[in-house]
Amino acid sequence: MIRTENLTKVYRMGEVEVQALRDVNLEIQDGEFIAIAGPSGSGKSTLLNMIGCLDKPTSGAVFIDDIDTGKLSENKLAEIRREKIGFIFQQFNLIHTLNALENVALPMFFAGVGRETRLKRAEELLAKVGLGDRVDHKPSELSGGEQQRMAIARALSNDPEIIIGDEPTGNVDTEAGNAIMDLLEGLNREGRTIIVVTHDAEIAARAGRTKRMRDGKVLD
Amino acid sequence: MRDEFLMAYRSIKERKGRSILTVLGIAVGIAAIVSLMSVGYGMEEAITGELTKMADMISVIPGEISGHGGYVEKGGFTDRDVNDLQRIWGIKDISAMVYGAAEVEYRNKRLPIFVLGGDTKELGGFYVEPVGLKEGRWLRENDYKGCVIGDRVANDFFDEVIHVNDKLIINGDKFIVVGIFEKASTLYAADVDPHIFLTLRISQDVLQTEEIKYIMVRVYDIDEAEEIAEEIEETINDNHGLDDFANAMTMGSALEQIGTVFNIIRVVLVCIAAIALVVASIGIMNTMLMSVMERTHEIGVMKAIGAKNRDVLSLFLLETSVVSLLGGVAGCGLGWGMAILISFVVEMASGIEIAAIPKPGVFLGGIAVAMIVGVLSGFYPARKASKMSPVEAVRYG
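Residues numbered from 1 in each chain as written. Chains lettered and ligands numbered in written order. Predicted model: local features only at pLDDT ≥ 70, side-chain atom pairs only at ≥ 80, totals over all residues. Heavy atoms only, no water.

**Remarks on the interface of chain B and chain A**
Now for step 1: Taken together, the contacts link 24 residues of chain B with 26 residues of chain A.
Now for step 2: Area buried by chain B at its contact with chain A is led by B:Arg10, B:Ile305 and B:Lys308, which between them contribute 25% of it.
Now for step 3: Linking chain B with chain A are 2 salt bridges.
Now for step 4: The closest approach of N and O atoms between A:Glu102 and B:Arg10, which form a salt bridge, is 2.5 Å.
Now for step 5: Across the contact surface, chain B and chain A share 5 residue pairs in polar contact (both at pLDDT 80 or more).
Now for step 6: Elements with a contribution of two residues or more to the side of chain B that touches chain A: helix H1 (2-14), helix H10 (296-304), helix H11 (309-350) and helix H13 (390-395) of chain B.
Now for step 7: Element by element, the count of residues in the side of chain B that touches chain A is highest for H1(B), at 7 residues.
Now for step 8: The residue inventory of the side of chain B that touches chain A, partitioned by class, reads 11 nonpolar, 3 polar and 10 charged. (Contact = heavy atoms within 4.5 Å. Buried area = accessible area lost by both parts, 1.4 Å probe. Salt bridge = Lys/Arg side-chain N within 4 Å of Asp/Glu carboxyl O. Polar contact = N/O pair within 3.5 Å; in protein donor to acceptor, adjacent residues only side chain to side chain. Helix = DSSP H or I, 4+ residues; strand = E, 2+ residues; numbered from the N terminus. Nonpolar A, V, L, I, M, F, W, Y, C, P; charged D, E, K, R; others polar.)

So, in structure tokens, the structure goes:
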């Protein structure tokens, strides 16, 4: 279970303080598919970064399975990101010097999985997202939809319980977007917790629950 | 490890142009060390190697060699000095020599040339045996009007080449060339090539001096050379009533002195090379910093998908190691090429033959230095990369 407690994040830009999150209290159950919707600047990506252990709160806390992530060392946080969480970004964020197979195998590489096991699993994951025939392709040789599917395969690399998507369909056309949502729904059926940030109402409608945000606050 | 190398390779390949420049930067630094050291060893070998062959020689000069390598001449030896030396036990040959500059004329061209005179037999032993004659014969005691000339006197000094039986005018007296030396090897080049050789008596006449400027002594037993040298100094000093009139130097002590000089030369060469390396290391640091900046986003992504600081640090360090290794190896190749080129240029310019010596230690040292410098200069950028906040890094670019 993921729980936030009075989660607050303040960014300081020179003299100006920007309150990105204000006292956010949110509970996400294991196996839930939740969409966080809201206009840009509402703080949804910041919330996602906090839940995803990419950033630390200014005050308040994020609990993942009752562990206060704010109190963990950088190495521990890296471990959680690696083992428990799979990230999908709007910009795909693939490593352009590596091919599809290597990109997908990368989180396993950091987890110390042996080369053979790694490549075999990467191949299976690429087949699962429909890119079985694209293993040798570099990201730049693939369409936006295909790149996002590669990113999903990468997110599944270490078999995480939580998948976090920051506008995962934001950079692809409708058809590719639907395919991505199909994949995410499939992953949710497998028992994974899916947290997706979107400003697209249609995408949000496909989630089991939607939370709306405005000005750094979660609306009831 | 294979994958780490693969990633380093990909990343180096991705930035091919800049990687090549960095490799080149290191290579030039290492090449400077390797070439200078190889030529240095070659120079040392060329000189000490031949000196070792003459280990039974003691050279006696009237004067003092100061600690700083300077030489203070104190006049000349007399016939009595030479005669007294013959009584010292253990001496095989003694050759008294006179030298000085004389005005030499050949076919209406006049030049100042160094004239060297000595006992013909001994002088022949010192120079004719190792160098050899190209034309004619060596001097005889009764060669009152005969002279033997070095290769450069014959071929380079005058407008026309001098042959045996040609006439030279030395300080106003006519001489006939009876023999011409071969071009001498490195060690003898300075002694033989630019000189004119006469008998002792005639050279004293020509140079208008009674003094002997130089005595060359050969001993039977090399192990006794130092002792004999001391005895020579004492004998001559007694004759002149001075404590430090004569300076007898064995080839052994000459070798030691040369060794000291070469150590100094080597330190200077290493300092020059070190400057080149500092420049190279700034280059590496700059390249790696740029690489880190450029890949901020990539580093962020890696951290987001679970890379620890340590993983990022080792990836970047491996990358600089690979670049440095390539630079080191390329530097050794380049350095060896430069060493051969330097030897060639020195030989062309001065006629002194120096064969650069490839020492495995120099090459291994070169590669090791490249790696050390590379990793040290890559460490700061790599650490900077590893410390980046993932969220800021992902957002970058």
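Structure shown, so let's carry the discussion forward.
**Some details on the sheet that holds strand S1 (residues 2-13) of chain A**
Residue and element names in this part refer to chain A.
Now for step 1: Overall, antiparallel pairing links the 4 strands, which are arranged S2-S1-S4-S5 in an open sheet. Only two strands of the sheet have a single neighbouring strand rather than two, namely strand S2 (16-28) and strand S5 (67-68).
Now for step 2: Two strands pair when backbone bridges link them, and S1 and strand S4 (residues 59-64) are joined in this way by 5 bridges, in the antiparallel orientation. Directly across from Thr 4, in S4, lies its bridge partner Val 62.
Now for step 3: Packing of helix H1 (residues 44-51) onto the sheet brings it into contact with S1, S2 and S4, and relative to S1 it is tilted by some 120°. (Pairing = 2+ DSSP bridges. Axes fitted to C-alpha atoms, helices over the stretch in contact; angles between N-to-C directions.)

**Section: the sheet that holds strand S7 (residues 162-166) of chain A**
All names here are of chain A.
Now for step 1: The strand order S6-S7-S8-S3-S9-S10 describes an open sheet built from 6 strands, whose pairing is mixed. Two strands in the sheet have a free side with no partner beyond their single neighbour: strand S6 (85-88) and strand S10 (217-219). The mean inter-strand angle of the sheet, taken between neighbouring strand axes irrespective of direction, is 25°.
Now for step 2: As judged from the 5 bridges shared by S7 and strand S8 (residues 193-198), these two strands associate in the parallel manner. The residue of S8 that forms the bridge with Ile 164 is Ile 195.

**Thoughts on unusual backbone geometry**
Residue and element names in this part refer to chain A.
Now for step 1: For Phe 92, which is not a glycine, the phi torsion comes out positive at approximately 65°.
Now for step 2: Relative to the elements of secondary structure, Phe 92 occurs in the loop between S6 and helix H3 (100-110).
Now for step 3: When its relative accessible area of 9% is taken as the criterion, Phe 92 is described as buried.
Now for step 4: Backbone geometry places Asn 93, a non-glycine residue, at a positive phi of 50°.
Now for step 5: Following the sequence through the fold, Asn 93 ends up in the loop between S6 and H3.
Now for step 6: On the accessibility criterion, Asn 93 (5% relative accessible area) is buried. (Buried < 20%, exposed > 50% of the residue type's maximum accessible area, 1.4 Å probe, protein only.)

**Observations concerning the domain arrangement of chain B**
All names here are of chain B.
Now for step 1: When the domains of chain B are assigned, the result is domain 1 (2-51 + 256-395) and domain 2 (75-244).
Now for step 2: In this structure, domain 1 and domain 2 have C-alpha centres spaced 51 Å apart.
Now for step 3: On the domain 2 side, the residues contacting the 6 residues of domain 1 number 5 residues.
Now for step 4: Buried surface at the junction of domain 1 and domain 2, both sides included, amounts to about 500 Å², of which 62% is carbon and sulfur.
Now for step 5: Area buried by domain 1 at its contact with domain 2 is led by Glu 50, Gly 351 and Ile 352, which between them contribute 67% of it.
Now for step 6: Along the contact surface separating domain 1 from domain 2 lie 0 salt bridges.
Now for step 7: Remark: the boundary between domain 1 and domain 2 carries 0 residue pairs in polar contact (both at pLDDT 80 or more). (Domains from an automatic or database assignment.)

**Thoughts on the environment of B:Gly306**
Now for step 1: In this structure, B:Gly306 sits in the loop between H10 and H11.
Now for step 2: Residue class for B:Gly306 comes out buried when judged on its relative accessible area of 0%.
Now for step 3: When near neighbours in sequence (up to four residues on either side) are disregarded, B:Gly306 contacts A:Ala78, A:Arg81, A:Arg82, A:Phe110 and B:Asp311.

**A short note on empty space enclosed by the protein**
All names here are of chain B.
Now for step 1: Within this structure, the stated rule accounts for 3 cavities of 30 Å³ or more.
Now for step 2: The space that makes up the largest cavity amounts to roughly 120 Å³.
Now for step 3: The set of elements that each furnish at least two residues to the lining of the largest cavity consists of H1, H10 and H11.
Now for step 4: Looking at which element gives the most residues to the lining of the largest cavity, the answer is H1, with 4 residues.
Now for step 5: Space inside the second largest cavity adds up to approximately 90 Å³.
Now for step 6: Of the residues contributing to the lining of the second largest cavity, the split by class is 3 nonpolar, 5 polar and 3 charged. (1 Å grid on protein atoms, 1.4 Å probe; cavity = no way out; pocket = protein on both sides within 12 Å on 5 of 7 lines; lining within 4 Å. Points joined across faces, edges and corners; volume = space filled by probe spheres on them.)

**Some details on the side chain of B:Ser59**
Residue and element names in this part refer to chain B.
Now for step 1: Mapped onto the fold, Ser 59 is located in strand S1 (residues 57-65).
Now for step 2: Taking the relative accessible area as the measure of exposure, Ser 59 reaches 10% and is therefore buried.
Now for step 3: Once you skip the residues sitting within four places of it in the chain, Ser 59 turns out to touch Tyr 214, Ile 215, Asn 247, Ala 248 and Met 249.

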